[in-house]
Amino acid sequence: MTVTVRFAPSPTGRLHVGNIRTALLNWLFARKSGGTFLLRLDDTDLQRSTEAFADGIRSDLDWLGLVWAREERQSARTDRYVAAAEFLKKQGRLYACYETEDELDRKRKRQLARGLPPIYDRSGLKLTGPERAALEAEGRTPHWRFRLANSEDGFAPLPTIVSWNDLIRGDQTVDVGSLSDPVVIRADGSFLYTFTSVVDDAELGITHVIRGEDHVTNTGVQLQLFEALGKEPPAFGHHSLLIGADGHALSKRLGALSIESMRAEGLEPLAIASYTALIGTSDAIEAQHSLDELARHFSFDKISTGPARFDPEELKALNARVLHATPFEQAEAGLRRLGVGGGAGFWQAVRGNLTVMSDAVAWWQIVDGEIDPKVEDAALVEQAAALLPAATWDDTTWDVWIAALKTASGRKGKALFHPLRLALTGREDGPELKALLPLLGREKVLARLQGRRA
Ligand code: GLU
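Note that this is a predicted model, so its numbers are computed, not measured.

Draft legend 1. Looking closely at the sheet that holds strand 8 (residues 183–185). Here three strands make up an open sheet; going across it, the order is 4-5-8 and the pairing antiparallel. Single-partner strands in this sheet number two, and they are strand 4 (94–97) and strand 8. This sheet shows a mean twist of 45° between the axes of neighbouring strands, independent of strand direction. Here four bridges tie strand 4 to strand 5 (residues 143–146), and the two strands are oriented antiparallel to one another. Bridge pairing in strand 5 links Tyr95 to Arg145.

What follows is the structure, encoded as structure tokens:
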């Protein structure tokens, strides 16, 4: 069997860490098993779906390196949904309903008042031909519900318990007898996701559906739809949802955790991918060298059923570790975009001090631009200036200079280095001074030691 998976966002907003976790788990599984990863745009809600959001989704996936083999969009597949709906109507599994939202609401309230679960009473199913004609003559157009299996109304008795062996959660059951028959076609003729997704998964040969656990109940319904359509269902895996560092659900705060904003913050795609793929798994959260390396670690067994904790601070710390291990060749383009020069030497000197790539800008300014040195210990820096080697500078310059300064001043440790650091960089801490020295050059170093802006 060739694995085929899909990531199926609705283009009604930008992707956030929650969706990206779903996308990644699908992508990594496809990659590990030599399968295919598809992008399916669930754009049946024409009012809320926009082309700009579709572009945003593509751009976010692209930036993260989650390449997709093919794109499908639901708005282009209506003919398939119409055909599948006709088939189900013939089987008696779709039925017309005429209630308005208000009428349904009143029904639910009455049921709740009587202590009953607010399940649709299947009035539509009981309508006679003339009753339907009368409702339509009133100007009502029907919406259509999928009749979930149970033993009422002359249908062959089917079990209402739907079960499957979840790739992540193990044995699962949903009692569809406790659910309302879902609306699959709205009164305006548009189709609902629960249905379109099944038609697509069947036609596109999706072998595994990996998605959030908020879809577990949908799976019960969708397995019945596969059966009613006479199609083999895919395997299902439901991953847990994200919680924040405070232990509370992230769902309401997800908007603020868009890939777009993380990108603007300067986070590395590999750090975001490593972090979102590894939280909520038994693997340690470590910087990975590539998505392929991440894919090699992928296993459903490692994904925990407990919530995955997303902590932006932990992501930043991982981002720093990714940068510390990034070779110059990989950083070069990003540095260029930020207007940072200095080549491999500069990158080697500063990468260990960066949390995000854009932190390099300030260090480049210190190396290449002008700063006002901070004089903490005038006597020491004066001595340091006097001892500064004159000859051509190389890797040994620092050691020669510091050895001389130690002897002359009798200083060592912080008392020696802290005043030098403040004079040369204006900062309390930062990259090794030994590495910065040749980048600064003699003229600048001398000027700064003399307290001059340089
Ligand atoms: N469009 C659905 C969503 O974003 C897809 C769910 C699924 O993977 O089936 O929730």
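On we go from here.
Draft legend 2. Structural context of helix 3 (residues 78–90). The terminal C-alpha atoms of helix 3 lie 18 Å apart, and with 13 residues this matches the ideal 18 Å at 1.5 Å per residue to within 8%. Every buried residue of helix 3 is accounted for by Tyr81, Ala84, Ala85 and Leu88. With its buried residues spanning 105° around the axis, helix 3 presents them on a single face. Opposite the buried face of helix 3, by more than 90 degrees, sit the exposed residues Asp79 and Lys90. The elements touched by buried residues of helix 3 are strand 4, strand 5, strand 8, helix 7 (193–203) and helix 8 (216–228).

Draft legend 3. View of the site of the ligand. Every residue close to the ligand is listed here: Arg6, Ala8, Ser10, Asp42, Tyr193, Ser197, Arg211 and His215. A distance of 2.9 Å is found between an oxygen atom of the ligand and a side-chain nitrogen or oxygen belonging to His215. Contact with the protein chains hides 78% of the accessible area of the ligand, taken as 300 Å² for the molecule alone. Residues belonging to the shell around the ligand are distributed by class as follows: two nonpolar, three polar and three charged.

Draft legend 4. Up close: the packing of helix 1 (residues 17–32) against helix 10 (residues 269–278). Viewed as axis vectors pointing N to C, helix 1 and helix 10 meet at an angle of 85°, and their least axial separation amounts to 9 Å. Put simply, helix 1 runs roughly perpendicular to helix 10. Here helix 1 contributes Val17, Ile20, Arg21, Leu24, Leu25 and Leu28 to the contact with helix 10, which in turn contributes Ala273, Thr276 and Ala277. When its residues are assigned to classes, the contact of helix 1 with helix 10 shows seven nonpolar, one polar and one charged.

Draft legend 5. The environment of Lys406, seen in detail. Topologically, Lys406 is positioned in helix 17 (residues 397–409). For the pair Lys406 and Pro182, spaced 224 residues apart in sequence, the C-alpha separation works out to 81 Å. Not counting the four nearest positions on each side in its chain, Lys406 is found in contact with Arg411, Lys412 and Leu416.

Draft legend 6. Region of the structure containing the side chain of Gln111. Examined against the element boundaries, Gln111 turns out to sit in helix 4 (residues 101–113). Taking relative accessible area as the criterion, Gln111 reaches 13% and is therefore assigned buried. Those residues in contact with Gln111, other than ones at most four positions away along the chain, are Leu116, Pro117, Pro118 and Ile119.

Draft legend 7. Here's a closer look at the sheet that holds strand 2 (residues 36–41). Pairing is parallel across the open sheet formed by three strands, whose spatial order is 1-2-3. At either margin of the open sheet sits one strand with a lone partner, and together these are strand 1 (4–7) and strand 3 (70–73). Across the sheet, the mean angle separating the axes of adjacent strands is 30° when strand polarity is ignored. In this structure, strand 2 lies alongside strand 3, joined through four bridges in parallel fashion.

Draft legend 8. Structural view of the pattern of salt bridges. As enumerated under the stated definition, the model contains 40 salt bridges in all. A salt bridge links Asp43 to Arg73; the nearest nitrogen and oxygen atoms lie 3.1 Å apart. With Asp43 in the loop between strand 2 and helix 2 (51–64) and Arg73 in strand 3, this residue pair connects regions lying 30 residues apart in the sequence. Among the residues examined, Asp43 registers a relative accessible area of 3% and is labelled buried. Of the charged contacts, one joins Asp55 and Arg58 as a salt bridge, the two residues approaching to 2.6 Å between their closest N and O atoms. Of the two residues, Asp55 and Arg58 both sit in helix 2, three residues apart, roughly one turn of that helix. The exposure class of Arg58 is buried, given its relative accessible area of 19%.

Draft legend 9. A look at the environment of Leu46. Note that Leu46 resides in the loop between strand 2 and helix 2. Overall, the relative accessible area of 63% leaves Leu46 in the exposed class. Along the backbone, Leu46 and Pro307 are 261 residues apart, and their C-alpha atoms lie at a distance of 32 Å.

Draft legend 10. Highlighting the packing of aromatic side chains. Across all of its chains, the model carries nine aromatic pairs by this definition. A ring pair is formed by Phe29 and Phe298, whose centres lie 5.9 Å apart and whose planes are at 45°; its orientation type is tilted. Of the two residues, Phe29 sits in helix 1 while Phe298 sits in the loop between helix 11 (291–297) and strand 12 (308–310), which places them 269 residues apart along the sequence. A relative accessible area of 7% means that Phe298 is categorised as buried. Between Phe346 and Trp364, the aromatic rings sit 5.2 Å apart at their centres with planes inclined by 75°, giving edge-to-face as the arrangement. A residue pair is termed long-range when its members are at least 10 positions apart, and Phe346 in helix 14 (residues 343–350) and Trp364 in helix 15 (residues 359–368) qualify at 18 residues. Like Phe346, the residue Trp364 is buried in the burial classification. Connected via pairs of aromatic rings, a cluster forms that spans Phe29, Phe298 and Phe300. Taking NZ or CZ as reference, Arg145 lies 3.8 Å from the ring centre of Tyr120, over its face.

How each quantity is defined
- Residues numbered from 1 in each chain as written.
- Predicted model: local features only at pLDDT ≥ 70, side-chain atom pairs only at ≥ 80, totals over all residues.
- Heavy atoms only, no water.
- Pairing = 2+ DSSP bridges.
- Helix = DSSP H or I, 4+ residues; strand = E, 2+ residues; numbered from the N terminus.
- Axes fitted to C-alpha atoms, helices over the stretch in contact; angles between N-to-C directions.
- Expected span 1.5 Å × (residues − 1).
- Buried < 20%, exposed > 50% of the residue type's maximum accessible area, 1.4 Å probe, protein only.
- Arc of directions from axis to C-beta.
- Contact = heavy atoms within 4.5 Å.
- Near = heavy atom within 4 Å.
- Polar contact = N/O pair within 3.5 Å; in protein donor to acceptor, adjacent residues only side chain to side chain.
- Areas by Shrake-Rupley, 256 points an atom, 1.4 Å probe, with all protein chains shown as cover.
- Nonpolar A, V, L, I, M, F, W, Y, C, P; charged D, E, K, R; others polar.
- Parallel < 35°, antiparallel > 145°, perpendicular 65-115°, else oblique.
- Salt bridge = Lys/Arg side-chain N within 4 Å of Asp/Glu carboxyl O.
- Phe/Tyr/Trp six-rings, centres within 6.5 Å; stacked < 30°, edge-to-face > 60°.
- Lys NZ or Arg CZ within 6 Å of the ring centre and 35° of its normal.

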